[in-house]
Amino acid sequence: MTATLPETPPAQSGGLQAGLKNRHLSMIAIGGVIGAGLFVGSGSGIAAAGPGILVSYALVGVLVVLVMRMLGEMAAANPTSGSFSAYADRALGRWAGFTIGWLYWFFWVVVLAVEATAGAKILAGWMPAVPQWGWALIVMVVLTATNLVSVSSYGEFEFWFAGIKVVAIAAFIVVGGLAIFGLLPGSDHPASGFSNLTAHGGFLPNGPGAILTGVLMVVFSFMGSEIVTLAAGETADPRAAVTKATNSVIWRIAVFYLGSILIVVSLLRWDDPAILKDGSYVAALSSIGIPHAAQIMNTIVLTSVLSCLNSGLYTASRMAFSLGRRSDAPAAFGRTTGRGVPQAAILASVVFGFVAVAFNYLWPDTVFQFLLNASGAIALFVWLVICFSQLRMRKIIQRESPEKLVVRMWLYPYLTWATIALITFVLGYMLTDTADGGGRDQVVLSTLVALAVVAYAVIRQRRAARTEPQLSDQV
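In this report, the structure presented in the accompanying data block is examined. (Residues numbered from 1 in each chain as written. Predicted model: local features only at pLDDT ≥ 70, side-chain atom pairs only at ≥ 80, totals over all residues. Heavy atoms only, no water.)

**Describing the overall build of the chain**
1) Next: From N to C terminus, the chain includes 19 helices and zero strands.
2) Next: Overall, the chain is about 85 × 55 × 45 Å in size when its C-alpha atoms are taken along their principal axes.
3) Next: Looking at the 475 residues of the chain, the share that counts as buried comes to 56%.
4) Next: Look at the contacts in the chain between residues 6 or more apart in sequence, and 80% of them connect residues 24 or more apart.
5) Next: Element-wise, carbon and sulfur atoms account for 67% of the exposed surface of the chain, whose accessible area totals about 19300 Å².
6) Next: Taken as two groups, the 28 positive and 22 negative side-chain charges of the chain have centres that lie 8 Å from each other. (Helix = DSSP H or I, 4+ residues; strand = E, 2+ residues; numbered from the N terminus. Buried < 20%, exposed > 50% of the residue type's maximum accessible area, 1.4 Å probe, protein only. Contact = heavy atoms within 4.5 Å. Areas by Shrake-Rupley, 256 points an atom, 1.4 Å probe, with all protein chains shown as cover. Lys, Arg positive; Asp, Glu negative; His and termini not counted. Charge placed at Lys NZ, Arg CZ, Asp CG, Glu CD.)

**Focus: unusual backbone geometry**
1) Next: For the bond running from Y412 to P413, omega is 0 degrees, close enough to zero to count as cis.
2) Next: The phi dihedral of S83 falls on the positive side, at around 45 degrees, and the residue is not glycine.
3) Next: By the element assignment, S83 lies in helix α4 (residues 83-91).
4) Next: With a phi close to 50 degrees, L411 is a non-glycine residue in the positive phi region.
5) Next: The residue L411 is located in the loop between α17 (378-400) and α18 (414-430) in this model.
6) Next: The class of L411 is exposed, set by a relative accessible area of 61%.

**Describing helix α6 (residues 132-149)**
1) Next: Taking 1.5 Å of rise per residue, 18 residues should cover 26 Å, and α6 covers 26 Å from first to last C-alpha, within 8% of that figure.
2) Next: Of the residues making up α6, those classed as buried are G134, W135, A136, V139, M140, L143, T144, T146 and N147.
3) Next: Its buried side turned inward, α6 meets α5 (94-126), α7 (151-180), α14 (293-325) and α15 (343-362). (Expected span 1.5 Å × (residues − 1).)

**Some points on the pattern of salt bridges**
1) Next: Evaluation of the coordinates by the stated rule reveals nine salt bridges.
2) Next: Note that R94 is salt-bridged to D89, the shortest N-O span being 3.3 Å.
3) Next: When the shortest N-O distance is used, the salt bridge between R318 and E234 registers 2.9 Å. In this pair, R318 sits in helix α14 while E234 sits in the loop between α9 (227-231) and α10 (238-247), placing the two residues 84 residues apart along the sequence.
4) Next: Residue E234 is classed as buried on the basis of its relative accessible area, which comes to 0%. (Salt bridge = Lys/Arg side-chain N within 4 Å of Asp/Glu carboxyl O.)

**Regarding the packing of α4 against α17**
1) Next: The interhelical angle for the contact between α4 and α17, taken along N-to-C directions, is 55 degrees, at an axis separation of 9 Å. Considering their axes alone, α4 and α17 lie oblique with respect to each other. Both α4 and α17 take part in a crossing whose hand is left-handed. For the pair α4 and α17, the contacting residues are F84, Y87, A88, R90 and A91 in the first and V382, V385, I386, S389, R392, M393 and I396 in the second. (Axes fitted to C-alpha atoms, helices over the stretch in contact; angles between N-to-C directions. Parallel < 35°, antiparallel > 145°, perpendicular 65-115°, else oblique. Left-handed = near helix turned anticlockwise from the far one by under 90°.)

**Let's talk about the packing of aromatic side chains**
1) Next: In total, this model carries 19 aromatic pairs according to the counting rule given.
2) Next: For the pair F98 and Y456, a centre-to-centre distance of 5.8 Å together with 35 degrees between the ring planes defines the contact as tilted. Of this pair, F98 sits in helix α5 while Y456 sits in helix α19 (residues 439-474), placing them 358 residues apart in sequence.
3) Next: Centre to centre, the rings of F425 and Y429 are 6.2 Å apart; their planes meet at 25 degrees, and the pair counts as stacked. A residue pair is termed a helical-turn pair when its members lie 3 or 4 positions apart in one helix, as F425 and Y429 do in helix α18 at four residues. (Phe/Tyr/Trp six-rings, centres within 6.5 Å; stacked < 30°, edge-to-face > 60°.)

Everything listed here is a matter of coordinates, which is why it stays silent on function.
What follows is the structure, given as structure tokens:
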């Protein structure tokens, strides 16, 4: 039986609604590549690789651009709330769509717990009268309510959350750039140009191998770029929205990641103790005399955390909705309210998130650490599945609807195979990281979880295949 490319069903009362405006999706696309990990985790990468961390960010950035190009090709041809899970279902088989869909859902509900805890920690520092677990509960309840109202309320919240992040990074780049060349009024930072990139042990003070170490530290801060392809299905013109978002991913990564990290390593010497102690962005702002730098960055980080929570709940629920529509999850997940909201999918996702938050407070070093490690490499698994799906989907689209190839992967299939090789290499290199909770633990546990889901999917598919002939005989 030949796989076909179905038409995307129009939004209607029985399904998701086209409630996201162009400005919502544009900001979701921009904000999707700016996670809290950029502000919080970049200091460790700089300490490990020195200025060479720029190469690490560039390598991962190229990887993300290539994966997003592949995903954009498929999403522009057939926008759907299931995104890569639906494409894997069609291109590789039901087992693949089932597996990657549930793994992705698992990844994001664990992220909900991580981000809720991070946000609660900041809020409890400002208002200690409310315990940290209380803030986590409040944050989760508020954002759950937002997602339950309508998709447009999610889009509006995300528009402002992402807008704050974008303005903050743009201001950081401008102010930092002026300080680097001694043009910032009132700053006593010495005009150093870009001398800090090479003056303290060279551009690669810890050797070329540190670039790969840096890759492992920064790769997961890019997760979330693919959210725009899920959200596009709830816009009035999803094909145009996906095309625009895919074409702009290069400058988004170049400006927000490479641009801001370049400012940090140019303002400060890479081995400045403040980078690890205070965080790279706080240290950079403090070095040019910005008052209350720590509180400014805490506000921006909190905004990023709330943005990630908001998008994580949205993403998990839409993936659960898609699985429900394809009979790969309880049927209730695939139903929506009159406002086009997948209520059961949202509530199921947030309940698991609440449970994971509880695990984080009750058993942080055992149960919750297992959840973190078991979901740690899923981002790379998702990217691999996107690559393999695109190899097959390109042929299906060309055969069934060639006019829908409005976005094309460059140098197909060679760049697709090169991306597969690069992701596989990163997974292999993670196995050399033997620290507790490090790369090896993440790859091994994530692989075991993935194999368990694959086994269940195959058994389930075989049972369904045996049942269908029996039903046909009865008819």
